[in-house]
Amino acid sequence: MISIPHKTKQFLVLLIKVLIVGGAFYFIYNQLANNDQLDWQKFIALFQKNQSITGISFILLLSVLNRYFEILKWQNLAQHIRKISVSESTKQVLAALTAGLFTPNGVGEYAGKALFFNKSETKKVVFLNLICNGIQMVLTVIFGIFGLLYFNTLYEVITPKMVLILFGILIAVFLLLFSIKKITIKGFSIEKLIHKINEIPKSIHRKNILLGTCRYLVFSHQYYFLFLAFDVHLPYLILISTIASVYFLASSLPTFQFLDFAVKGGVAIYFFGILGVNEWIVVFISTLMWFLNVVIPVVIGSYYVLNFKPSPQTSPDDREL
């Protein structure tokens, strides 16, 4: 194995940190500065008309709660390896979010969290992060399906026949997965995955589901209250079911974190367009959700990336990094 001098290692680590943070800020600036759909004059006019310290504080509080529940989720799951404080969990979650900003579906987030643990625990960290993100996806699917069905009963985006076909496909997929769960591919199988999931105490799973549900309710209602702030007054069930449908369909598409608002915005324009909501309002709200729940945490996470130091549990060779 080629030995890299200590000074060279330090330089390479610093370079990687700067590239991650620099890349994150470049993508954020590029999306905000070069988006032709954002009419800042309309936004400023509406903001001046409806500005409220209480309202702004409430929306910001929801952003804090959204990320806080994610931090508690990770703290809860990480205890399966070793107990970490809320402060340590905050550092790991925000630094990993920054690292995953411009990777497909936030894949870099997995590597980001693994760096805070011993190399021998990397597989466990990746698996626990999969559980952490997986429950959020499951909840998004469950709420999204109900939201889509309710929306469809009112506006019939797809025909009842197509709904039955989609449910038939879904059931067939589950039956197929169940029937092949013992088949092993390169040492992995669904049965082994289920066994690994069952190794985690049920109390951790229950808390993970509860925190995931709280997080879903927070960010979906943040979306809802932003529509109210932009003078969009639709019945609660219609608005919240549309939001659930948008998150469900947008989350099903492979994307990058820095393009998240563009993907959700595109899906949202279609659904809210059916409700007669102005396109620029939908774009702005999608952008604000992205700014509040991704950009601000990434800015904070950049500090943790730049000040990153290997876990004290790593080997002596690793600590040189």
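Residues numbered from 1 in each chain as written. Predicted model: local features only at pLDDT ≥ 70, side-chain atom pairs only at ≥ 80, totals over all residues. Heavy atoms only, no water.

Per an unreviewed UniProt entry, the recorded name for the chain is Lysylphosphatidylglycerol synthase TM region, and the organism is Flavobacterium flevense.

Remarks on the packing of aromatic side chains
All chains considered together, the criterion is met by 18 aromatic pairs. Centre to centre, the rings of Phe 151 and Phe 271 are 5.2 Å apart; their planes meet at 65°, and the pair counts as edge-to-face. Taken together, the positions of Phe 151 in helix H6 (residues 122–155) and Phe 271 in helix H11 (residues 260–274) put the pair 120 residues apart, joining distant regions of the chain. For Phe 271, a relative accessible area of 4% translates into the label buried. Aromatic pair Trp 280 and Phe 284: ring centres 5.7 Å apart, planes at 90°, arrangement edge-to-face. A residue pair is termed a helical-turn pair when its members lie 3 or 4 positions apart in one helix, as Trp 280 and Phe 284 do in helix H12 (residues 279–306) at four residues. Judged on exposure class, the residue Trp 280 and its partner Phe 284 are both buried. Through pairs of rings, three or more aromatic residues link up here, namely Phe 143, Tyr 216, Phe 219, Tyr 223, Phe 227, Tyr 247 and Phe 272. One residue, Lys 113, lies across the ring of Trp 74, its end atom 4.2 Å from the ring centre. (Phe/Tyr/Trp six-rings, centres within 6.5 Å; stacked < 30°, edge-to-face > 60°. Helix = DSSP H or I, 4+ residues; strand = E, 2+ residues; numbered from the N terminus. Buried < 20%, exposed > 50% of the residue type's maximum accessible area, 1.4 Å probe, protein only. Lys NZ or Arg CZ within 6 Å of the ring centre and 35° of its normal.)

Observations concerning the UniProt feature "transmembrane region" (unreviewed entry) in the chain
UniProt's entry tags residues 12–32, 52–69, 126–150, 162–180, 223–250, 256–275 and 282–306 with the feature "transmembrane region" (unreviewed entry), counted in the numbering of this structure. With 100% helix and 0% strand, the stretch residues 126–150 has end C-alpha atoms that lie 36 Å from each other. With 79% helix and 0% strand, the stretch residues 223–250 has end C-alpha atoms that lie 14 Å from each other. (UniProt positions renumbered as here; feature names shortened; annotations may be inferred.)

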